[in-house]
Structure formats: structure tokens, C-alpha cells
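# Chains, contacts and geometry: an overview
The primary structure of each chain is shown beneath.
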Amino acid sequence: MKPYSNFSLPILFLFVALIFGCSQKQPADAQSLKTPNSSNKRSIKNAVADVQLDKIKLPKNFKIDVWAADVPNARSMALSDNGIVFVGNRQEKNVYAIIDEDGDGKADVKFILAEGLRMPNGVAYKDGDLYVAEVNRILRFKDIKNTLNNPKYEVIYEGYPTERHHGWKFISFGPDGMLYIPVGAPCNICESEDEIFASITRLDPKSPNPKPEVYAHGVRNSVGFDWHPVTGELWFTDNGRDMMGDDVPNCELNRATTAGQHFGYPYWHEGTVKDPEFGNKGKAQSAYVAPAAKLGAHTAPLGMRFYEGKMFPDSYKNQIIVAKHGSWNRSKKSGYVVTLEKLDANSNVIGEEIFASGWLDEVTQEVWGRPVDVQELPDGSLLISDDMAGVIYRVTYTGE
């Protein structure tokens, strides 16, 4: 007797194929998250993105896809402990929660958490709560992952300046549990009597009466920062002043080793360039902290993160990934790239590599997208927001 009949053998093959196919449907580390239907929930599963991914250049074995489309003016991002990506914006007035419900590596839905806010660029997540920064207020959405369908917020502080110039904010929680909040200069170049301008502040959101403390001075406009995974030191991007020509001054990547340091603005730029208007009003060059790296003039470096994941090659571990939003008034455009800032064992920047490019056509000078922020997902892949195209990309590494 034959071990399998003509009927049983195809059935066996079909059974094996089904088992294998199901096991390969999602990545091994995929995380699905089902959410309730509600009036503020929108499907973006079939949203069409007006992007040109074929023009994006990445290192070998890296791949870029659209993770979420139909996210107008997508700016700063934050990640919850269960995989929800929160997104703020500057030109619009909404805050979103973006979710990959089926774990297939692409977002399926977005929740509109708030509407009608004033430049709600900054978002941060801690202990189940979402924090949002407007120009002059800090909002808190308690237990946000369980209230997506009926989000409500409270104002925990509303004493920040109301000036819109550089008034949009990036926010993030530090290792000390404090919420760090920058306050940009209310101008291109000026000297303010109020020390809260051109600074990075921090406050305790758990305090019944929180009050900002200036942590770093002389910071013209930071829209991205992170803490070194080993040293715990604060690193931040800073946008240089305009109207000094195409190539001066450089935007900066800075390293704060302690509270109270001054990084030069408005007296000195990129560490060595004395301001023609305010330089003589300041102290000697040595009184200010020089940048850890110069990031190019008018490149507008915004979001930055230390890469801590396991998906990318080991050479990326604890290195800095920076989104350069791109120039707005340079005669030949600069920026519009994502870079890798390479650090040595002593946390010294030893070089820069282009990680992703192609949003700018160097020949025609046409631009179709502008990277804003970067956010690592639990699986080690990297999200990049684009406020011009209104999308969020996902970069993965396919192996050698």
C-alpha cells in the first residue's frame, strides 16, 4: 500500500503551504493593535501619497516605503509603549495618532486627537500620557492609548511666550523625568532681555505649579534633541541665523554636558563667527560652548535621534541620525537630506554621511519633500516625517 493516496498527498501539500504562508504573512516582530471605531478615526490604509520614492538614495541594503499617507504637515513624532505614533504639525492645527493595526509594516488608521490648536508641533509620551506643545501652552492627554476615541486634554502650563516667530516647539522627556521645551528667538537675530528666549527649558509636569527652568542658553532655534544612550548628555540641533550670505553661518549640532551652558547666540555663531550686529555686546569666544559639529549653512537641521535598535548594522549603534529640512532663502538650495553623524568612543563627532537623499533635484532645484523628524520603531526600523508631502516614511534594512 502506498503511504499517500492520490487524494491525501495534495491535501498534505495544501496544509503545509497554508501553515507556511500564514507564518510568513507578518514579520516575526510585528505588533498588531486593534482600536475602536469612532467619529475621530479615519482609515488611511488606501491613502495615496504623492511622492517619488524611486529618487530616494539610501545605503546598500536599505529600503524606504511610505508608512503613512494623508498626514498633513507631518512634523514631530513620539512613540507610545504599545506602538502608537503621535504626530504634531506646525502649519496645520491638529494632532494625530497613527496606528499600524494589522502589523504589516504600514499604518492603517489615524485618530484626530485635537483640532484648532496653535502650532502644535511638539509631542511627547510618558507613563501613558501624551504631552503636546503649542506656542505658549503645554497640554496633557491622560491615559491616551485607552482614550483615542474620546481624547481630552488639560493645560498644565500656559506661561510660555506667545510670539509665533520660532514659537513652534519640539519636546521630549529627559532621563531626569523632566519635560524639555525649547523657546526660540523671536527674530532672526536680536538680543532679548528675557532669558527664556533662545533657550532650552525644562519643567516638571507632575508639579501642581510647574515653572520652567532655563537649561541651556544661547540656542537660536532648536527643533530636535535627544540624550546619549550611554552618557545621558543632551544633544540638540540648532538653526543658524539668516542674512549673512549663502555659506555663513553653519547650523549646529550641540552637546550639553551640564545645565546652564551658553551656546553663543546672538553673539557668536558656529563657534567661531562673530555676529556683525551683536558680537561686540557679548563675551569672548571662549565664554561660549562651540558646536560638536557644523551641519552646513541654512540646512535647517530639525529632528535627531540616537539609533539604538538592532535592525541596522552595528556601525549605526548609538550614532546620530539627523533630518535636515532644507534651506528657504539660499541662492542654491541646501539640506533636504537625512544624515548620519558619526561619533567615536569618546562621543566626538568624527564625520558625516548622507543616509537618505533625493527630495531635492540638484540640477533643477525642484523640491518634492522635506524631512522633519526621525523616530525609531520597536523593530529597529526608522520613521521619517515629511511635512511637505504629508507622509511618514519607514526605512528598513534588508540584510547583507
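What you see is a predicted model, and the numbers here were worked out from it, not measured in a lab.

How each quantity is defined
- Residues numbered from 1 in each chain as written.
- Predicted model: local features only at pLDDT ≥ 70, side-chain atom pairs only at ≥ 80, totals over all residues.
- Heavy atoms only, no water.
- Salt bridge = Lys/Arg side-chain N within 4 Å of Asp/Glu carboxyl O.
- Disulfide = S-S within 2.5 Å.
- Buried < 20%, exposed > 50% of the residue type's maximum accessible area, 1.4 Å probe, protein only.
- pLDDT = per-residue confidence, 0-100.
- Helix = DSSP H or I, 4+ residues; strand = E, 2+ residues; numbered from the N terminus.
- Contact = heavy atoms within 4.5 Å.
- Pairing = 2+ DSSP bridges.
- Axes fitted to C-alpha atoms, helices over the stretch in contact; angles between N-to-C directions.
- Core = buried A, V, L, I, M, F, W, Y, C linked by side-chain atoms within 4.5 Å.
- Polar contact = N/O pair within 3.5 Å; in protein donor to acceptor, adjacent residues only side chain to side chain.
- Phe/Tyr/Trp six-rings, centres within 6.5 Å; stacked < 30°, edge-to-face > 60°.
- Lys NZ or Arg CZ within 6 Å of the ring centre and 35° of its normal.
- Lys, Arg positive; Asp, Glu negative; His and termini not counted.

## Some points on the pattern of salt bridges
- If you walk through the whole model with that rule in mind, you get 24 salt bridges.
- Connected through salt bridges with shared partners, the residues Lys-45, Asp-102, Asp-104 and Asp-108 form a single ionic network.

## What to know about the state of the cysteines
- For the structure shown, the criterion picks out one disulfide.
- The side chain of Cys-187 participates in a disulfide bridge whose partner is Cys-190; the two sulfur atoms lie 1.9 Å from each other. Residues Cys-187 and Cys-190 are joined through a disulfide that is left-handed, its torsion about the S-S bond being -80 degrees.
- Residue class for Cys-187 comes out buried when judged on its relative accessible area of 12%.
- With no disulfide partner, Cys-251 has as its closest neighbouring cysteine sulfur the one in Cys-187, 15 Å distant.

## A short note on the confidence of the model for the chain
- Residues with a pLDDT of 70 or more make up 92% of the chain, whose mean pLDDT is 93.
- Of all helices and strands in the chain, the one with the weakest mean pLDDT is helix H1 (residues 8–23) (37), whereas strand E23 (residues 320–324) scores best (99).
- Across residues 1–30 the pLDDT falls below 50, and counting only partners more than four positions away or on other chains, this stretch makes seven contacts in the model.

## Describing the sheet that holds strand E10 (residues 154–157)
- A sheet is described by the order of its strands in space; here four strands give the open sequence E7-E8-E9-E10, paired in antiparallel fashion. Of all the strands in the sheet, the pair left with one neighbour each is strand E7 (122–126) and E10. With direction set aside, neighbouring strand axes in the sheet form an average angle of 30 degrees.
- The pairing of E7 with strand E8 (residues 129–133) spans five bridges and is classified as antiparallel. Residue pairing across strands places Tyr-125 opposite Leu-130, the latter belonging to E8.

## Considerations on the pairing of strand E17 (residues 250–256)
- The buried fraction of E17 is high, at six of seven residues.
- Here five bridges tie strand E16 (residues 234–238) to E17, and the two strands are oriented antiparallel to one another. What sits directly across from Trp-235, in E17, is Arg-255.
- Here E17 pairs with strand E21 (residues 293–297) via three bridges, running antiparallel. The residue of E21 that forms the bridge with Asn-250 is Ala-297.

## Topic: the nonpolar core
- Among the nonpolar cores identified, the biggest contains 26 residues, and Phe-312, Phe-355 and Tyr-393 are the most heavily contacted of them.
- Looking at this core, the elements that each hand over two or more residues are strand E2 (62–68), E23, strand E24 (337–343), strand E25 (349–356), strand E27 (382–386) and strand E28 (391–397).
- Considering every element that reaches this core, the biggest residue donor is E28, with four residues.
- Residues contacting Phe-355, with those up to four places away along its chain left out, are Lys-57, Leu-58, Pro-59, Phe-62, Phe-312, Tyr-316, Val-338, Thr-339, Leu-340, Leu-382 and Val-395.

## Side note on the side chain of Asn-82
- Topologically, Asn-82 is positioned in the loop between strand E3 (77–79) and strand E4 (85–87).
- A relative accessible area of 17% means that Asn-82 is categorised as buried.
- In terms of polar contacts, Asn-82 uses its side chain to reach the side chain of Ser-80, at 2.5 Å.

## With respect to the packing of aromatic side chains
- This model, assessed by the stated rule, comprises 21 aromatic pairs.
- With a centroid separation of 5.4 Å and 55 degrees between ring planes, the pair formed by Phe-141 and Tyr-153 is classed as tilted. Here Tyr-153 lies in the loop between strand E9 (138–141) and E10 and Phe-141 lies in strand E9, a separation of 12 residues in the sequence.
- Among the residues examined, Phe-141 registers a relative accessible area of 0% and is labelled buried.
- Plain terms: the ring middles of Tyr-157 and Tyr-160 are 5.2 Å apart, the flat faces sit at 80 degrees to each other, and that makes the pair edge-to-face.
- We classify Tyr-157 as buried; its relative accessible area is 18%.
- Under the relative-accessibility criterion, Tyr-160 is labelled buried at 2%.
- Every member of this aromatic cluster is reached through a ring pair, and the members are Phe-62, Tyr-307, Phe-312, Tyr-316, Phe-355 and Tyr-397.
- Directly above the aromatic system of Trp-168 lies the positively charged group of Arg-90, at a separation of 4.3 Å from the ring centroid.
- A cation over an aromatic ring shows up here: Lys-126 above the ring of Phe-173, its NZ or CZ 5.7 Å from the ring centre.

## Side note on the sheet that holds E28
- Spatially, four strands are ordered E2-E28-E27-E26 in an open sheet, and the strand pairing comes out antiparallel. Single-partner strands in this sheet number two, and they are E2 and strand E26 (371–376). Shown here is a sheet whose adjacent strand axes are inclined to one another by a mean of 25 degrees, direction ignored.
- Bridge analysis of E27 against E28 gives five bridges, and the strand direction is antiparallel. When the bridges of E28 are listed, Ile-384 appears paired with Tyr-393.

## Comments concerning the side chain of Asp-226
- Along the chain, Asp-226 falls in strand E15 (residues 225–227).
- Arg-305 provides the closest opposite charge to the buried, unpaired Asp-226, separated from it by 5.0 Å.
- Polar contacts involving the side chain of Asp-226 include one to the main-chain amide nitrogen of Phe-306, which spans 2.9 Å.
- Residue contacts for Asp-226: discarding those within four places in its chain leaves Glu-233, Leu-234, Trp-235, Met-304, Arg-305 and Phe-306.

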